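Examining the three-dimensional arrangement
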Amino acid sequence: MRNISLLLALLCCLLPPALADTIASRRAEAEVMADGTLSVSTRFLTKLTPSLSEALEQGVSLGFRLEFQLTKPRTTSYYLSLREWFDPHAQVAFKLSYQPLTGRYRVSIGSLSNYYPTLREALAAIGAIQGWRVLNAGTLDPKKPGQVAGQVRLLLDIGDLPKPFQMNALGSDDWSLDSGWIKLDVKDAG
């Protein structure tokens, strides 16, 4: 009995740090559009670990990936998985960097950038997307939105880090952020 109590106490001590630094979904919705595409809208709450915050302040840019995967209809999902070599069916890259001269944070999506006065505001922009068309026109039947399902996830792209930091990230939980796959709430556009 004493060993079990000790084990539970040890687990309780380990859980709070693991849960404190995560990526949590605040919104994950999709609509089947009239042209047979799927329009995805997401928002995440992201907290950086102390190691990631320190690296960001030292000038290391952090790359994040928002990934989409179709799960239903199964035949379409399987076809897309084969075509993409089992990679996500669509993805968007976000890059977060700190500008020490201005004291602002920059979030880039491709060649588009926005600047934010606080880290909290910049992190709110990571993974926030509205109306992202993730499939080609005609992929889905717009008359059957109830038969469509998909999932999204947001994660820190370790492969986007400079090489020395990639080595640190491989064996460290401090350098690993991932929301896990989140089921989309699919709605009818009609």
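For the structure itself, consult the block above.
Our subject in this report is the structure included herewith.

The rules behind each value
- Chains are numbered independently. Their residues run from 1 in the order of the written sequence.
- At least 70 in pLDDT is required for a residue's local features to be given in this predicted model, at least 80 for side-chain atom pairs to be given and counted, and no such filter applies to totals for whole chains, interfaces and linings, which use all residues.
- Note: side-chain values were computed over all heavy atoms of the structure, leaving out hydrogens and water.
- A pair of strands is labelled paired if DSSP reports no fewer than 2 bridges between them.
- Runs of E in the DSSP output that reach at least two residues are strands. Runs of H or I that reach at least four are helices, and both are numbered from the N terminus.
- Here, two residues are considered to be in contact whenever any of their heavy atoms come within 4.5 Å of each other.
- Every axis corresponds to a line fitted to the C-alpha atoms, with the helix fit spanning only the stretch in contact, and the corresponding angles, defined between N-to-C directions, vary from 0 to 180 degrees.
- Remark: exposure states derive from per-residue accessible area (1.4 Å probe, protein chains only) relative to the maximum for the residue type, with buried under 20%, exposed over 50%, and partly exposed in between.
- Here the arc refers to the directions that run from the helix axis out to each C-beta atom.

**Some details on the sheet that holds strand E9 (residues 182-183)**
- Taken together, six strands build an open sheet; the order of strands is E6-E5-E4-E3-E8-E9 and the sheet is antiparallel. Pairing within the sheet leaves two strands with one partner each, and these edge strands are strand E6 (112-116) and E9.
- Strand direction decides the pairing type here: strand E4 (residues 90-99) and strand E5 (residues 104-109), joined by five bridges, are antiparallel. Residue Gln99 lies in a different strand from E5, and its bridge partner there is Arg104.
- Packing against the sheet, helix H2 (residues 50-57) makes contact with strand E3 (62-72), E4, E5 and strand E8 (149-156), and its axis sits at approximately 65° to E4.

**A look at the side chain of Ser39**
- In this structure, Ser39 sits in strand E2 (residues 38-46).
- Classification of Ser39 as buried rests on a relative accessible area of 11%.

**Regarding the pairing of strand E1 (residues 23-32)**
- Sheet topology note: the E1/E2 ladder contains nine bridges and is antiparallel. Pairing of Arg27 across the sheet is with Arg43, part of E2.
- The loop that links E1 with its antiparallel partner E2 comprises five residues; one of these, Gly36, has a positive phi angle of about 90°.
- For E1 and strand E10 (residues 185-188), the ladder comprises four bridges, and the chain directions are parallel. Directly across from Val32, in E10, lies its bridge partner Asp188.

**Quick notes on H2**
- Those residues of H2 that fall on the buried side of the exposure criterion are Leu52, Ala55 and Leu56. Buried residues in H2, looked at end-on, bunch into an arc of 100°, giving them a common side. In H2, the exposed residues that point more than 90 degrees away from the buried face are Pro50 and Glu54.
- Once H2 ends, the next one or two residues include Gly59, with phi positive near 105°.

**What about the sheet that holds strand E7 (residues 129-133)?**
- One open sheet holds the four strands; their spatial order is E7-E2-E1-E10, and the pairing between them is mixed. In the strand order of this sheet, the two ends are held by E7 and E10, each with one partner. Pairwise comparison of adjacent strand axes, ignoring direction, gives a mean angle of 25° for this sheet.
- Direction of pairing for E2 relative to E7: antiparallel, over a ladder of three bridges. Across the sheet, the residue bridging to Ser39 is Arg133, located in E7.

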